[in-house]
Every structure is written in structure tokens, then in C-alpha cells.
Amino acid sequence: MSHSTQQGSPTEDQRPTRDPESLARDHEGRWRVAITGMGVKTPAGCDLKTMYETMLNATPVTAPITLFDASDLPVRIACEVRDFDPLAYVDRRISRRMDRVSQLGFAAAMDAVGDAGSPAGESARRAVIVGTGTGGAPTMGDQAIAFERNGANRVSALLVPMLMPNATGAFVAMELGWTGPNYAVGSACASGTTALGEAARLIRHGQCDVVLAGGAENSVNVYAMASFCRSGALSTRNDDPAGASRPFDADRDGYVMGEGATFLVLERLDQALARDARIYGEVVGYALNSDAHHLTAPRPDGSGAAACMRAAITDAGLTPECIGHVNAHGTGTDLNDAMEARALHGVFPTGPPPVTSVKGVFGHLMGAAGAAEAAIAMLSATNGVVPPTANHERGDEDFTLDVVVDAPQPIGPQPVMSNSFGFGGHNACLVLSPFAGR
Amino acid sequence: MNRDDIFKATVEACSEILGVSEDTVTHDAVLRDDLDADSLDLAELAMALEDRIGVSVPEQDFKQVATVSDTLDLLEQHLAAARS
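Per an unreviewed UniProt entry, chain B is named Acyl carrier protein, and its organism is Streptomyces oceani. UniProt, in its Pathway (unreviewed entry) section for chain B, records the words "Lipid metabolism; fatty acid biosynthesis." According to the UniProt record, the Sequence similarities (unreviewed entry) comment for chain B is "Belongs to the acyl carrier protein (ACP) family."

Written out as C-alpha cells, the structure is:
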């Protein structure tokens, strides 16, 4: 089918008549992919409603670090997940087998499944894909200290099971009894987006009926913070936490570290319709590529990111004019925001549509960022409003973008493109579309 | 440290690592069956008990224990050997 029939506003009798089989497949004959559940554990809220309202209000949640003693660090602010108790999801025995990344990820995944209801399909056709930048790396740091202090006999047997990036997926599968594909993807800050895209692929090509996919990161820890402080990537506005994360703003000075997790339930659209599921929207386009340029810096001309965006739009069977708004990577670093603006102008020759970066509110959730932002982008696309970008006060003279500020901008239900770009030059883009109806 | 002290330390370690209530950690309790311990738990338990009791026990010996009482015997035996 053509997605153009969904995005316009034809009257009922102008819509082409399609049989159920053609409605089930996209313009390339692949199974269409519905989003039927969402679960979040983010610094802006541990439930979907709270997180989304915080975004619409553009209330920054950056605050002094409480998870560890940051007094020795040049950056002492971050976006932490507050009011999260893993024991609400697992017992003490299991909780102590989990790095915080798995505690957050497991909880978000369970919320997403609860939100989705009862998807169809046998367990062998249900998959789990977890995107994470560093998995349980903080556990490795803690155990290295134990080794240094007390020797090899005091290294925990749990080190490797807690460290491995696939641990979150393993816990989820054990809990749900899902025996289909289960793996972790790592593309740094693009991991969450990559996980969702790969999940859509599994469904599109008929390999799975349901995929629980998303991202999780335990990044507000002393090791990651120390490293990013040394690399100069973080905002040093310790005295103005609320104003620290400034996407696309002329006075931006780096990103604010965040942590958290978000999982989405992706389901074959026809099966979701058959069980009368609530449908948030569809994953209609996905692409990923590599800058092949530098270990941490993006390719300055934005050509890699632009190629990725174009490929995602083409994958959706759309043209750039169909994209109602862009949920940008928009980290608030000098290099990313300039590069992304260039890339957007390359993709949208007549000028990019309205752009927002929710990182102004909850910072950079690293491997979880793409998943949390996809959830927000999906809700925004369906609701037809673009959330404002917090702290965007003064445009950069080097680029012009229609950055949404101050208040949500009504645009009507339209597809959205959600961008993520990671260290190593990993680019991943999703196109998410409102679902037009049954 | 006498057997009662070792038992108290064992109860605390089991409760912390296995997530069980302290009153379930009886002398007759079988670690794997009654307290639901698996191989990872037993490795963690061994390390925690060595730390709490201040004795070093070969990993192989810990793998032989079945009940809480066996654990106490093993720890007592190694504690006595260390003292002699």
C-alpha cells in the first residue's frame, strides 16, 4: 500500500478500497509494523504521561548529581531517573544480579508489555532487542576496584552476567517466556534507534510477530562522567543546571548526561488490528549507516547523517515534504548541532520542517536516547503537536532552523523523523507515522 | 567466633544474597532446594561468608555443601585449621 493515503486527508469515499491483505503490507509488500505499547523510566518521568507532559511543558530536569559523589568532577550535574525502585519489578535476589542498566531496562520493558495488552503470536515468534552503549560497564569498574583492593578471589561471579550488554534482554525473556530472537545492539548514542529499526525489520520480513525493543543506559556513574568530562563533551553549567542543556542554541556548551530506559512493543499491524489493540502509530521507515570518519566527532558536512535521513524517508515510501517535524538528535554540543543543521538542509531542499530536541529537557540518555525520543516523537506525530525545545533562546548565526520553542506547535498528525547519531559515526533514523484508522 | 556466630553470619549472608527471610535459613535448609540457590548464588555466598568469618575456603569444598548445617561444619573446620 502507499502511505500517502494515510498522511493526506482524503474523505472516506476518496480512499481506495483495499482488502485486508493489502492493508497488512507496506508499499514494498512487507508487513506493516504497529507500535502497541510503551514503557519509560526516564529523568523526565517513570510513566509515559508524566514524561510526555514534561516534554510539552519544556521543563528541564537537570540537577546536581546524587547517584555518586561528584564533588571531584568538573561537571556535577546530570539528568537522573528519580523515584525508581527496582524492587517494584523484581525481588532482592534478582535485583542484586542486575546492573542499574538492567534494572531500568527490565522495568521499562515490563511497563511496555503491560501497556500493550496481550499481543498475538507464539513465544518463538516474540523477540527482544536491547540497545545500549555500554551495558553494565559500571559493574566492571566497581569490580576492578574490588580486584585491586582484595585480589582476584574477591571478583564477583556476577561480574560478567551483569556486564554483558544482552543481560537486560535475558531477564526480559526469562520473565515473559519469549523464546524468539534476543540480542543487544550497540551503536553508542544511536543504540535505541537501531534497536527499534532492527525490531521493525524482524516483523516486516515475517521473522517475528512481536518485538519488545528499546534502549537502556546506566550512564550517570563516575566512570562515564569522568571520561566525558575529560573529552570536553559535557556542559559545565554547574551553577545553572536548568539552563545547561541548550540544543541548537548559540550559547550551547555541551550536552548534559542522562540515564534511563524506554521500550516499545512492535507488532504486526494486521495482528494488532485483529486483537483490537490500541495503536500509537507505525514504524514506516528506518535506515542506518556510518560516517566512517572519526571515533567521536561527526563528519562535519553532515553528509553521513543526511544520507541516513534520506534513506529512512525512502524506506518509508515517502518524500521529504511528507515529514511534519523532526525529533532531532540535537545534543547541544557545538559539533553535533552544526552538523545536524547542515544535514537537515541537505535533506530538505526547501527548508527543514519544524525541529525539536527533547534533550533540552532530559539531557542525553545515551543508548536509551533514541528509544525515549521515538516514544515522544510517535506521540507528537499522532497528536499533531511538536514539543518545544527547552533553553533554545538564541539561534546560531552559522545555521538557521525552525526550532520549536516556548510552547507546543500544532501541525496536525503527520509522520515524524527521529534522528540519532553515535560516537563512532553511527547514524540511525526512524520515520514514524500516525495510524490513519481501521 | 563460635558456631552460633557462624550461623548468624550465614543467616545474614543467605538473606542478603538469596533474598529469603532470615527465619527460612534453618540448620536443615538445603541451599539449592529450600533456599532456591543456584551456582551463581553459591559462588556469591562463599565469598560473602569468607569475608564475614575471616577464613579462606577452597572453592571445591564449598561445592560439596548441601545444607546450612554442612556450611557451618565446613566453615568451623577451616576456622579451627587456621587457628591451629
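### Focus: the overall build of chain B
Looking only at helices and strands, chain B has four helices and zero strands in total. Going from the N terminus to the C terminus, chain B shows its helices and strands as α-α-α-α. Relative to the 2.2 N^0.38 estimate, which gives 12 Å for 84 residues, the radius of gyration of chain B is 12 Å and therefore close to what a compact globule would have. Burial status across chain B gives 43% buried among its 84 residues. Put simply, of all contacts in chain B between residues at least 6 apart along the chain, 54% involve residues at least 24 apart. Surface summary for chain B: the accessible area is close to 4,400 Å², and the carbon and sulfur share equals 47%. Between the mean site of the 6 positive side-chain charges and the mean site of the 20 negative ones, chain B shows a separation of 4 Å.

### Overview of the pattern of salt bridges
Residue and element names in this part refer to chain B. Tallied over the full model, the rule gives 36 salt bridges over all chains. Across the salt bridge formed by K8 and E12, the nearest N and O atoms sit 3.4 Å from each other. On the criterion of helical spacing, the pair formed by K8 and E12 is a turn pair, its members being four residues apart in helix α1 (residues 3-18). E12 gets classed as partly exposed once you look at its relative accessible area, which sits at 31%.

### Section: the packing of aromatic side chains
All names here are of chain A. The final tally for this structure, using the stated rule, is four aromatic pairs over all chains. Taking 5.8 Å as the distance between ring centres and 75° as the angle between the ring planes, the aromatic pair formed by F228 and Y255 counts as edge-to-face. One end of the pair, F228, is in helix α10 (residues 222-231); the other, Y255, is in the loop between α10 and β7 (260-268), with 27 residues separating them in the sequence. Ring geometry for F248 and F399: centres 6.3 Å apart, planes at 85°, overall edge-to-face. With a gap of 151 residues between them, F248 in the loop between α10 and β7 and F399 in the loop between β11 (385-386) and β12 (409-410) connect regions that are remote in the sequence. Like F248, the residue F399 is buried in the burial classification. Taken together, the ring pairs in this structure connect F228, Y255 and F423 into an aromatic cluster. Over the face of the ring belonging to W31 we find R25, whose NZ or CZ atom lies 3.8 Å from the ring centre.

### Overview of the sheet that holds strand β1 (residues 33-41) of chain A
Strands belonging to one sheet form pairs held by backbone hydrogen bonds; the direction of such a pair is parallel or antiparallel. Residues and elements named next belong to chain A. Here 10 strands make up an open sheet; going across it, the order is β5-β4-β6-β7-β1-β8-β14-β13-β9-β10 and the pairing mixed. Single-partner strands in this sheet number two, and they are β5 (182-185) and β10 (355-356). Pairing analysis gives eight bridges linking β1 to β7, with the strands arranged antiparallel. Across the sheet, V40 pairs through a bridge with T262, a residue of β7. Together, β8 (281-290), β13 (416-422) and β14 (426-433) form the strand contacts of helix α12 (residues 303-315), whose direction differs from that of β8 by roughly 145°.

Here is what the cut-offs are and how they apply
- Residues numbered from 1 in each chain as written.
- Chains lettered and ligands numbered in written order.
- Predicted model: local features only at pLDDT ≥ 70, side-chain atom pairs only at ≥ 80, totals over all residues.
- Heavy atoms only, no water.
- UniProt positions renumbered as here; feature names shortened; annotations may be inferred.
- Helix = DSSP H or I, 4+ residues; strand = E, 2+ residues; numbered from the N terminus.
- Rg over C-alpha atoms; globule rule 2.2 N^0.38 Å.
- Buried < 20%, exposed > 50% of the residue type's maximum accessible area, 1.4 Å probe, protein only.
- Contact = heavy atoms within 4.5 Å.
- Areas by Shrake-Rupley, 256 points an atom, 1.4 Å probe, with all protein chains shown as cover.
- Lys, Arg positive; Asp, Glu negative; His and termini not counted.
- Charge placed at Lys NZ, Arg CZ, Asp CG, Glu CD.
- Salt bridge = Lys/Arg side-chain N within 4 Å of Asp/Glu carboxyl O.
- Phe/Tyr/Trp six-rings, centres within 6.5 Å; stacked < 30°, edge-to-face > 60°.
- Lys NZ or Arg CZ within 6 Å of the ring centre and 35° of its normal.
- Pairing = 2+ DSSP bridges.
- Axes fitted to C-alpha atoms, helices over the stretch in contact; angles between N-to-C directions.

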